[in-house]
Amino acid sequence: EAGVVQSPRYKIIEKKQPVAFWCNPISGHNTLYWYRQNLGQGPELLIRYENEEAVDDSQLPKDRFSAERLKGVDSTLKIQPAELGDSAVYLCASSHGYRGPDTEAFFGQGTRLTVV
Amino acid sequence: GNSVTQMEGPVTLSEEAFLTINCTYTATGYPSLFWYVQYPGEGLQLLLKATKADDKGSNKGFEATYRKETTSFHLEKGSVQVSDSAVYFCALEYSSASKIIFGSGTRLSIRP
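Draft legend 1. How the structure looks around the pairing of strand β5 (residues 44-50) of chain A. Residues and elements named next belong to chain A. Most of β5 sits out of view: six of its seven residues are buried. Pairing analysis gives six bridges linking strand β4 (residues 31-37) to β5, with the strands arranged antiparallel. Looking at β5, one finds that Y33 is bridged to R48. Counting the residues that bridge the hairpin from β4 to β5 gives six residues, and of these G40 lies at a positive phi of roughly 75°. With three bridges connecting them, β5 and strand β6 (residues 53-56) associate as antiparallel partners. Counted as the bridge partner of E50 is E53 from β6.

Shown next as structure tokens:
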């Protein structure tokens, strides 16, 4: 079974340009997460979806970041305009909606964004 | 607020050495605790977990025990291998919140 797929793997853009990241979760997983991982730090949650509904976007900088999950499957995270401080690895993860003790979140390989 | 503090790296050991990576947490209530691993060029993978006090999680020779009295979840392995070289993240989660809070990660390098 395929894992969480993200693209692109790497992206270099100039500041003030827009950028978008794409995530395809594991089939059947209705919970999807976007995390940001700054260099030398652990991932931090940006937004969590249950199906197509964003149920926790409290950490998403809404002035420049947006996300969507049409039809409750694939998701796109966008930054417009990008700033130098947005350079980081953006991780997507998915899990079954019921987070009991025997479930876990599966992570993609991430998109490494460099803003110059 | 809820947070996780783990041992700063990098940690460098010789093959077959004993490993401990310390992790402590601050949380209200009773979160689940995790160790994730990130091998070079790969995504985060769950290594082990414990969901209640005194539980021991184990996988691939690694172990960690949920210690409520010391709010700790230290990762241990009796004999490390070169293939264990990776970045290790301690994390906690309240299942109701479905939000994983990660520590800053510890880079482990094992010399042959």
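Structure shown, so let's carry the discussion forward.
Draft legend 2. Quick look at the packing of aromatic side chains. All names here are of chain B. Scanning the model with the defined rule gives 12 aromatic pairs over all chains in all. Between the aromatic rings of F89 and F102, the centroid separation amounts to 6.3 Å while the plane-to-plane angle is 85°, which identifies the pairing as edge-to-face. One end of the pair, F89, is in strand β10 (residues 86-94); the other, F102, is in strand β11 (residues 99-102), and 13 residues separate them in sequence. Residue F89 is classed as buried on the basis of its relative accessible area of 2%. The class for F102 is buried, based on a relative accessible area of 9%.

Here is what the cut-offs are and how they apply
- Residues numbered from 1 in each chain as written.
- Chains lettered and ligands numbered in written order.
- Predicted model: local features only at pLDDT ≥ 70, side-chain atom pairs only at ≥ 80, totals over all residues.
- Heavy atoms only, no water.
- Buried < 20%, exposed > 50% of the residue type's maximum accessible area, 1.4 Å probe, protein only.
- Helix = DSSP H or I, 4+ residues; strand = E, 2+ residues; numbered from the N terminus.
- Pairing = 2+ DSSP bridges.
- Phe/Tyr/Trp six-rings, centres within 6.5 Å; stacked < 30°, edge-to-face > 60°.

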